[in-house]
Amino acid sequence: PLHNAARAALPDAADGALLILGTALAVAGGAPIRRAPAVYAPWLASLPAFVAAAAARAVRAPPGSPVIAIGTWAAVAGVVGVSVVLAVRRRWVDGRVSRSVLRAQDLAVGRNYKGAIEELDRAIDLAGESGSEAPWYSKGAALVVLGRYEEALACIDTALRMNPRNEVAWVNKGNALVRMGRLVDALKCYNSAITVNPVYEVGWNNKGIALARLGKYPDALKCYEKALQID
């Protein structure tokens, strides 16, 4: 549309190549963006303006070659269709994963940790590492209870790789390290949880537990007081 509006004449082969390239890029970028890096912000903010400008130019542009005109509309329809399918699938997957995590929590409350892990594995198989980190750190918590600490750490580290600002995952990692006797490393995890969310009382409480086990009772009391101040 832009080069037609500028009255630029290109052979159909060149037009077709540009159209195929643009369609491929649009389809590849059509998936919903999860936790986009900050560097994307200017592009994402200006994208609606680019789309509106292209649409305005396209309305006033001469149609060009009938083959390319048909191809353009087919490409637009394809890109929109793929984007819709990807967005709907993402919502469906997120819903399934959320329900699995909730069922796993109910099973864990009933002390059926193996059943909870099986439920979380189904969520992980469905979403992998491109979805929510909740199944990963929840599975880690269940593995901690079962004494499978190395497996637990692997799961929780996956969750933290997906989202390093998840305070629950940091606390779960700290809990695993406490069970392994690595109290100093556990304290670092609890501090990370508190840095992410200073009003997360579980982080303060568990930090107090670790400090008490190290014999640092005045510091532990301060953490407990902070937790009680929050809740």
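Located above this text is the structure these notes cover.
In this report, the structure presented in the accompanying data block is examined. Since the model is a prediction, treat every value here as computed from it, not as a measurement. (Residues numbered from 1 in each chain as written. Predicted model: local features only at pLDDT ≥ 70, side-chain atom pairs only at ≥ 80, totals over all residues. Heavy atoms only, no water.)

## Here we look at helix 8 (residues 167–179)
Within an α-helix, residues lying three or four positions from one another point in the same direction, as the helix has 3.6 residues per turn. Compared with the 18 Å implied by 1.5 Å per residue over 13 residues, the 19 Å span of helix 8 between its first and last C-alpha is a close match. Taken as a whole, helix 8 has its buried residues at Glu-167, Ala-169, Trp-170, Val-171, Asn-172, Lys-173, Gly-174, Ala-176, Leu-177 and Val-178. Here helix 8 starts with a cap whose side-chain oxygen sits 3.0 Å from the backbone nitrogen of Val-168, and that cap is Asn-166. (Helix = DSSP H or I, 4+ residues; strand = E, 2+ residues; numbered from the N terminus. Expected span 1.5 Å × (residues − 1). Buried < 20%, exposed > 50% of the residue type's maximum accessible area, 1.4 Å probe, protein only. Polar contact = N/O pair within 3.5 Å; in protein donor to acceptor, adjacent residues only side chain to side chain.)

## A closer look at a nonpolar patch on the surface
Among the surface-exposed residues, Val-39, Tyr-40, Trp-43, Leu-44 and Phe-50 lie close enough to one another that they form a single nonpolar patch of about 550 Å² accessible area. One can find Leu-44 in helix 3 (residues 41–60). (Patch = residues over 30% accessible without salt bridge, like charges linked within 9 Å, V, L, I, M, F, W, Y side chains within 5 Å. Areas by Shrake-Rupley, 256 points an atom, 1.4 Å probe, with all protein chains shown as cover. Salt bridge = Lys/Arg side-chain N within 4 Å of Asp/Glu carboxyl O.)

## Some words on the environment of Gly-147
On the secondary structure map, Gly-147 appears in the loop between helix 6 (134–145) and helix 7 (149–162). Its relative accessible area of 35% is what places Gly-147 among the partly exposed residues. Placed 46 residues apart in sequence, Gly-147 and Val-101 show a C-alpha to C-alpha distance of 21 Å.

## Topic: the pattern of salt bridges
Throughout the structure, instances matching the rule amount to 8 salt bridges. The salt bridge partner of Arg-90 is Asp-94, with a shortest N-O separation of 3.6 Å. Pair noted here: Arg-90 and Asp-94 are both in helix 4 (residues 66–109), with a separation of 4 residues, about one helical turn. The exposure class assigned to Asp-94 is partly exposed, which follows from its relative accessible area of 26%. The closest approach of N and O atoms between Arg-161 and Glu-129, which form a salt bridge, is 3.5 Å. Placement of Arg-161 in helix 7 and of Glu-129 in the loop between helix 5 (113–127) and helix 6 is noted, with a sequence separation of 32 residues between them.

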